[in-house]
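Chain by chain, the residues:
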Amino acid sequence: MTRIVGIVQARMGSSRLPGKVLRPLAGRSVLSRVVRAARESEKLSDLVVATSTEPGDDAVVDECAKLDVACHRGPVDDVLDRFVGAFDAHPGDAVARFTADCPLLDPEIIRLVADVYQAVPSLDYVSTSIARTLPRGMDVEIIHGDALRTLHRIATDHHRVHVTSYAYTHPEIFRVLGVTLAPDRSDLRLTLDTEQDLALVRAVADHFGDVSVPLAKLADWLAGQPALRALNADVRQKRLEEA
């Protein structure tokens, strides 16, 4: 069986919502929710949080100790180098990349994408965001370890911040597969990058409590909450080049 190592990138610095990865949601930090979802997928051979060497990220290291999850520290801006360092310390066959601003991540989607990756031979990269049908904040991506190391050698500029972006923008080099799930729920925004996002995510956590919520159940509930959906409907997602 393919050994998939989960790596969660997390740091306290954020231009739009500082300290977001440790914000409390129904008694659990945002990072803790991401770690729990990754673990609940039961598809990972190992799990590590990749944070920076900045002093401000000592708080992330402390939280990892509380969560009993491994932690690796690397460059603040070269996130790709941070990932390779974490992968060197926790080796496997492939990496599932998670970001610590996705507290509503669905373990079932992680499981599905891992199953797809393991079922298709010779894949370099699989992701739910190539042809988006999922809300932002629910995406899952897996990259082969050899492909990650190739990226480390050749990727430059903003691709080193976004870790895998060079792979999916160069399908002539890498064998890439997009996974789509019906129905299309890409109009929902469930990531955490602004105060508006925090208001929506906090409302979800207050309603459902300290549990991972399947996307279908969450989307059905939000369908009857137009005021909540409107909270962050106008938030602009940063372009890829805005590293």
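Before reading on, note that the structure itself is shown above.
Residues numbered from 1 in each chain as written. Predicted model: local features only at pLDDT ≥ 70, side-chain atom pairs only at ≥ 80, totals over all residues. Heavy atoms only, no water.

A.B. asks: Sorry, what's going on with the pairing of strand β6 (residues 94–99) here?
C.D. replies: Residues in a regular strand point their side chains to alternate faces of the sheet. For β6, the buried fraction is high: five of the six residues fall into the buried class. Sheet topology places strand β1 (residues 4–9) next to β6; six bridges connect them, and they run parallel. Bridging from a neighbouring strand, Ile-7 pairs with Arg-97 of β6. Inspection of the sheet shows β6 paired to strand β8 (residues 141–144) by four bridges, in the antiparallel sense. Looking at β8, one finds that Ala-94 is bridged to His-144. (Buried < 20%, exposed > 50% of the residue type's maximum accessible area, 1.4 Å probe, protein only. Helix = DSSP H or I, 4+ residues; strand = E, 2+ residues; numbered from the N terminus. Pairing = 2+ DSSP bridges.)

A.B. asks: Help me understand helix α9 (residues 215–223), please; the structure alone is not making it clear to me.
C.D. replies: Along an α-helix, a turn takes 3.6 residues, which lines up residues three or four apart on a common side. Residues of α9 that are buried: Leu-215, Leu-218, Ala-219, Trp-221 and Leu-222. Viewed end-on, α9 has its buried residues packed into an arc of 160°, placing them on one side of the element. Within α9, the exposed residues directed more than 90 degrees away from the buried face are Lys-217, Asp-220 and Ala-223. (Arc of directions from axis to C-beta.)

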